[in-house]
Amino acid sequence: VDMEGENSLGSGDNTTKNSHRHIVRNSILAGGMAGITSTVMFHPLDVIRTKIQSVSMSSLGTLPKAPTTAGAAGALKPCMGPMAVLSHTIKHGGYRSLYTGLSLPLGAQILYKATVFTINNITKEALVKLRTSHRDEERVQSYNLS
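Calculation notes
- Residues numbered from 1 in each chain as written.
- Predicted model: local features only at pLDDT ≥ 70, side-chain atom pairs only at ≥ 80, totals over all residues.
- Heavy atoms only, no water.
- Helix = DSSP H or I, 4+ residues; strand = E, 2+ residues; numbered from the N terminus.
- Buried < 20%, exposed > 50% of the residue type's maximum accessible area, 1.4 Å probe, protein only.
- Areas by Shrake-Rupley, 256 points an atom, 1.4 Å probe, with all protein chains shown as cover.
- Salt bridge = Lys/Arg side-chain N within 4 Å of Asp/Glu carboxyl O.
- Contact = heavy atoms within 4.5 Å.
- pLDDT = per-residue confidence, 0-100.
- Patch = residues over 30% accessible without salt bridge, like charges linked within 9 Å, V, L, I, M, F, W, Y side chains within 5 Å.
- Expected span 1.5 Å × (residues − 1).
- Arc of directions from axis to C-beta.

Regarding the overall build of the chain
Logical step 1: Scanning the chain from terminus to terminus reveals three helices and zero strands.
Logical step 2: Along its sequence from the N terminus, the chain presents helices and strands in the succession α-α-α.
Logical step 3: Across the 146 residues of the chain, 16% fall into the buried class.
Logical step 4: Only carbon and sulfur atoms are counted for the fraction: they give 65% of the accessible area of the chain, which is about 10,900 Å².

Written as structure tokens, this is what we have:
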């Protein structure tokens, strides 16, 4: 009996099914963690990019002007670069403001990365099985021809 209470003695199908379940479970967990990590690391850059784009579009007349006057204390100016926007955002909203709107991208990335990891590992497992079964067939054929 193995750690999960399953009988490890018996047919090879049980161990194959358990191995497949472990691969799927571990792929989902690893993909989910990768999604969390990448989103938490790079979401602040996306927030800064969005702020720069919205100020640039507003100054070009593409978007309606913000109710504050240009150059007023606390307002972003169209010529601000990424570092200036970062310091402005932290100064006026704190570090938490860098994670504004995090929940939707976080959920989407967890689902996306978990799916990619799982499909990648299942495909890899299937290709390895296919390759080894072809090698076994070739060995049997070469043995029979001898």
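Picking up after the structure, the text goes on.
Quick notes on the side chain of serine 97
Logical step 1: Secondary-structure assignment places serine 97 in the loop between helix 2 (82-93) and helix 3 (103-145).
Logical step 2: Looking at serine 97, the relative accessible area reads 15%, which means it is buried.

Re the pattern of salt bridges
When their charged atoms lie close together, side chains carrying opposite charge are able to pair.
Logical step 1: Overall, the coordinates contain two salt bridges when judged by the stated rule.
Logical step 2: A salt bridge links arginine 49 to aspartate 46; the nearest nitrogen and oxygen atoms lie 2.1 Å apart. Placement of the pair is arginine 49 and aspartate 46 together in helix 1 (residues 12-60), with a separation of three residues, close to one helical turn.
Logical step 3: Note on aspartate 46: relative accessible area 31%, which makes it partly exposed.
Logical step 4: Two residues, glutamate 125 and lysine 129, come together in a salt bridge whose shortest N-O distance is 3.7 Å.

Overview of the side chain of threonine 118
Logical step 1: As for its placement among the helices and strands, threonine 118 is situated in helix 3.
Logical step 2: Leaving out residues up to four positions away in the same chain, threonine 118 has contacts with Val24, Ser27 and Ile28.

Quick notes on the confidence of the model for the chain
Logical step 1: On average, the chain scores 81 in pLDDT, and the residues at 70 or more come to 77%.
Logical step 2: Under a pLDDT of 50 for its full length, residues 1-11 has, in the predicted model, 11 contacts with residues more than four places off or in other chains.

Structural notes on a nonpolar patch on the surface
Logical step 1: A cluster of nonpolar side chains, contributed by Met33, Ile36, Val40 and Tyr99, occupies part of the molecular surface with about 320 Å² of accessible area.
Logical step 2: Following the sequence through the fold, tyrosine 99 ends up in the loop between helix 2 and helix 3.

Remarks on helix 2
Logical step 1: Taking 1.5 Å per residue as the helical rise, helix 2 with its 12 residues ought to reach 16 Å, and the 16 Å between its terminal C-alpha atoms agrees with that figure.
Logical step 2: Of the positions making up helix 2, those classed as buried are Val85, His88 and Thr89. For helix 2, the buried positions fall inside an angular range of 100 degrees around the axis, keeping them on one side. Of the exposed residues in helix 2, those oriented more than 90 degrees away from the buried face are Met83 and Lys91.
Logical step 3: Glycine 94 lies just past helix 2 and shows a positive phi near 80 degrees.

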